[in-house]
Number of protein chains: 2
Amino acid sequence: MKLLLWLSYLGTDFCGYQIQKDKRTVQGELNTAAKCLFGFDCDVTGCSRTDSGVHANTFCCTVAKKGENGLVTDIEAHRIPRALSAHLPPDISVFDAVWVDDDFHPRYDVKYKEYVYRICNASVRDPFEEGRSWYIPRVITDKDVENMSKAASFFVGEHDFSAFMAQGSNVQSTVRNVTYASVEREGDVITFKVAANGFLYNMVRIMMGTLVYVAQGKIEPCRIKEIIESRDRSMAGTTAPAHGLYLNKVVY
Amino acid sequence: MKLLLWLSYLGTDFCGYQIQKDKRTVQGELNTAAKCLFGFDCDVTGCSRTDSGVHANTFCCTVAKKGENGLVTDIEAHRIPRALSAHLPPDISVFDAVWVDDDFHPRYDVKYKEYVYRICNASVRDPFEEGRSWYIPRVITDKDVENMSKAASFFVGEHDFSAFMAQGSNVQSTVRNVTYASVEREGDVITFKVAANGFLYNMVRIMMGTLVYVAQGKIEPCRIKEIIESRDRSMAGTTAPAHGLYLNKVVY
């Protein structure tokens, strides 16, 4: 058996999830904490590789003894979240831990993941939103949000999302199945929510950048269909900044 | 005429509102920004002196030319928030500016101010709440919140709040009029809201610490009345940490 951890982290001060030499990463902190708690080196495998600055309300990873398929500990699963969090910095927190089979894979076994992207749309910056949303001062009206929402609906379904993938990415298939996609406003915050069985590199951020073009009248909502079909990155909008993006749900 | 600014700030990286030599303060940043924008030294006078780590969703201050009662500028009032915010760091933002009479005083003319104090009550820390609420892991039940709310109701009215003032404070009168006081829970966050015509030093934080004693069964809700009447600081609870406190409303 290995451990499946459910955690959240504020991405601001991390160089992304994945471990890198001499950089502060989420995986690096989890490795250190797991070693402190269990007393041996561990393999920590995440459900995704979030970029520098990207946040997670929910993130999953498995923990096994280094080089093995599982781990053995006397600590009861329900005690692990607090015990592990005690060895973690304040910007990562483990809120649940369960035992899973040795062959469980936190990335390949995902049914779907949900990301949210937050925009702060106000005439001046909100200090409490700094690093937690994309600040856009130019007015986005209710009608604009409606257009963004309409445009987002074209993402739903199984499509080749090459147009929404960072150039130079190398993947076997660029086809993904988007389960739902919506845009809503609450006060100054506009939230784009999207779920899929998998995401290409920068996919949500390029979708967001494209939806902002829609809000600004640069792209008609119904043109999203053509952009998808073009498979041409240059047809889509800019890549929205990392700090507005949150991995929000992981469903197995 | 002088300018009345409405601003918000994230208190985390400030040594409080009031200017201090070689320390990063809100007033210090406002002084610098005002000088950049208007081209002359200014007197910035705040509605309150928040402590290090305390936040403001709403804070007011007036700006006049240094040593004078008002200031003259060609910049229209509605342009000032963005113009001034451009000279401010991301943790302060000016969201409104209006002209007021020379004799207006941002502290003495306050009808009432509202503070909120946020507690995060969950089995593990929430990374997104770090520095923005008081983390209390021990379970606070709905019944406990009800008791806190009942206890808070005893604060309402005109009372001598000496028992809720940091020792060593020096003020002419320790009588304040509390307009309303309530405690509510939403998810993991418990919010204490209190409004008064003025607050003694650390008053809200001592009230909060006392209400947490109520939640923990150390103090019966109805004993708040006695504690107020005792005028004895040692009868009240601990001083809650600064980083859960927000100046939320200022009414003139």
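Being a predicted model, the structure only gives us computed values, none of them experimental.

Colleague: Can you help me understand the relation of the copies chain A and chain B in this one?
Modeller: Between the two copies of this chain, the relationship is a rotation about some axis together with a displacement along it. When chain A is fitted to chain B, the best match, at an RMSD of 0.0 Å, comes from turning it 180° and sliding it 0.0 Å along the axis. What we have between these two chains is a two-fold relation. Among all residues of chain A, the one whose C-alpha sits closest to the rotation axis is F128 of chain A, at a distance of 5.4 Å. A share of 100% of interface residues in chain A that are also interface residues in chain B marks the association as one of identical surfaces.

Colleague: What is the right way to look at the packing of helix α3 (residues 142-153) of chain A against helix α4 (residues 203-215) of chain A in this model?
Modeller: Working note: a packed helix pair is described by the angle between its axes plus the distance between those axes. All names here are of chain A. In the contact formed by α3 and α4, the axes pass within 8 Å of each other and the chain directions differ by 135°. The pairing of α3 with α4 is recorded here as oblique in orientation. Crossing hand, α3 versus α4: right-handed. Contacts from D144, N147, M148, A151 and A152 of α3 reach α4 at M208, L211, V212, V214 and A215. Partitioning the contact of α3 with α4 into residue classes produces eight nonpolar, one polar and one charged.

Colleague: Explain the packing of aromatic side chains to me, please; I cannot follow it from the model alone.
Modeller: Each pair of aromatic rings is reported with the distance of its centres and the angle of its planes. Counted under the stated rule, the structure contains 26 aromatic pairs over all chains. Residues F104 of chain A and Y252 of chain A carry aromatic rings whose centres are separated by 4.8 Å and whose planes lie at 65° to one another, so their mutual orientation is edge-to-face. Here Y252 of chain A lies in the segment after β10 (245-251) and F104 of chain A lies in the loop between β4 (92-100) and β5 (112-120), a separation of 148 residues in the sequence. In this structure F104 of chain A comes out as buried when scored by relative accessible area, which is 14%. According to the relative accessible area criterion, Y252 of chain A is partly exposed, its value standing at 22%. With a centroid separation of 6.2 Å and 75° between ring planes, the pair formed by Y9 of chain B and F14 of chain B is classed as edge-to-face. Taking relative accessible area as the criterion, Y9 of chain B reaches 1% and is therefore assigned buried. A connected cluster of aromatic rings, assembled from ring pairs, spans Y9, F14, Y17 and F59 of chain A. For the cation-ring pair, K65 of chain A lies above F40 of chain A, with the distance from its terminal atom to the ring centre recorded as 5.0 Å.

Colleague: Explain the pattern of salt bridges to me, please; I cannot follow it from the model alone.
Modeller: Close approach of charged atoms allows side chains of opposite charge to pair. A complete count under the given rule lists 24 salt bridges over all chains for this structure. Across the pair R24 of chain A and E29 of chain A runs a salt bridge, and its minimum N-O distance is 3.6 Å. The partly exposed category is assigned to R24 of chain A, whose relative accessible area is 28%. D41 of chain B is the salt-bridge partner of K35 of chain B, the closest N and O atoms lying 3.3 Å from each other.

Colleague: What is the right way to look at a negative patch on the surface in this model?
Modeller: There is a patch of like negative charges on the surface, built from D101, D102, D103 and D109 of chain A. Residue position: D101 of chain A is located in the loop between β4 and β5.

Colleague: What is the right way to look at the confidence of the model for chain A in this model?
Modeller: In low-pLDDT regions, the fine details of the predicted coordinates are not to be read closely. On average, residues of chain A score 97 in pLDDT, and 100% of them reach the 70 mark or higher. In the predicted complex, the global pTM is 0.93; the interface-specific ipTM is 0.94.

Colleague: Would you take a moment to explain the interface of chain A and chain B for this structure?
Modeller: Reports often express the size of an interface as the amount of accessible area lost when the parts come together. If you look at the interface, chain A gives 24 residues, while chain B gives 24 residues. Both sides of the chain A and chain B interface together cover about 1,800 Å² of buried area, and 64% of this is carbon and sulfur. Considering only the side of chain A, the residues that lose the most area to chain B are V124, P127 and F128 of chain A, jointly responsible for 38% of the buried surface there. Scanning the region where chain A abuts chain B turns up six residue pairs in polar contact (both at pLDDT 80 or more).

Colleague: Would you mind going over the pairing of strand β5 (residues 112-120) of chain B with me for this structure?
Modeller: Every regular strand shows the same layout, with side chains that alternate between the two sheet faces. All names here are of chain B. For β5, the tally of buried residues reaches eight of nine residues, placing the bulk of the element in the interior. Sheet analysis places β5 next to strand β10 (residues 245-251), joined by six bridges and oriented antiparallel. Opposite Y112, over in β10, you have V251 as the bridge partner. Note that β5 and strand β9 (residues 189-196) share eight bridges and pair antiparallel. Across the sheet, the residue bridging to E114 is A195, located in β9.

Colleague: It is not clear to me how α3 of chain A should be interpreted in this structure. Could you clarify?
Modeller: Residues lying three or four places apart along an α-helix face the same way, a consequence of the helix completing one turn every 3.6 residues. All names here are of chain A. For α3, with 12 residues, the first-to-last C-alpha span of 17 Å sits near the 16 Å given by 1.5 Å per residue. Considered for burial, the residues of α3 that qualify are D144, V145, N147, M148, A151 and A152. Taken end-on, α3 shows its buried residues confined to a sector of 160°, consistent with a single buried face.

Cut-off values and rules
Residues numbered from 1 in each chain as written. Chains lettered and ligands numbered in written order. Predicted model: local features only at pLDDT ≥ 70, side-chain atom pairs only at ≥ 80, totals over all residues. Heavy atoms only, no water. Least-squares fit on C-alpha atoms with pLDDT ≥ 70 in both. Contact = heavy atoms within 4.5 Å. Axes fitted to C-alpha atoms, helices over the stretch in contact; angles between N-to-C directions. Helix = DSSP H or I, 4+ residues; strand = E, 2+ residues; numbered from the N terminus. Parallel < 35°, antiparallel > 145°, perpendicular 65-115°, else oblique. Left-handed = near helix turned anticlockwise from the far one by under 90°. Nonpolar A, V, L, I, M, F, W, Y, C, P; charged D, E, K, R; others polar. Phe/Tyr/Trp six-rings, centres within 6.5 Å; stacked < 30°, edge-to-face > 60°. Buried < 20%, exposed > 50% of the residue type's maximum accessible area, 1.4 Å probe, protein only. Lys NZ or Arg CZ within 6 Å of the ring centre and 35° of its normal. Salt bridge = Lys/Arg side-chain N within 4 Å of Asp/Glu carboxyl O. Patch = residues over 30% accessible without salt bridge, like charges linked within 9 Å, V, L, I, M, F, W, Y side chains within 5 Å. Areas by Shrake-Rupley, 256 points an atom, 1.4 Å probe, with all protein chains shown as cover. Lys, Arg positive; Asp, Glu negative; His and termini not counted. Charge placed at Lys NZ, Arg CZ, Asp CG, Glu CD. pLDDT = per-residue confidence, 0-100. Buried area = accessible area lost by both parts, 1.4 Å probe. Polar contact = N/O pair within 3.5 Å; in protein donor to acceptor, adjacent residues only side chain to side chain. Pairing = 2+ DSSP bridges. Expected span 1.5 Å × (residues − 1). Arc of directions from axis to C-beta.

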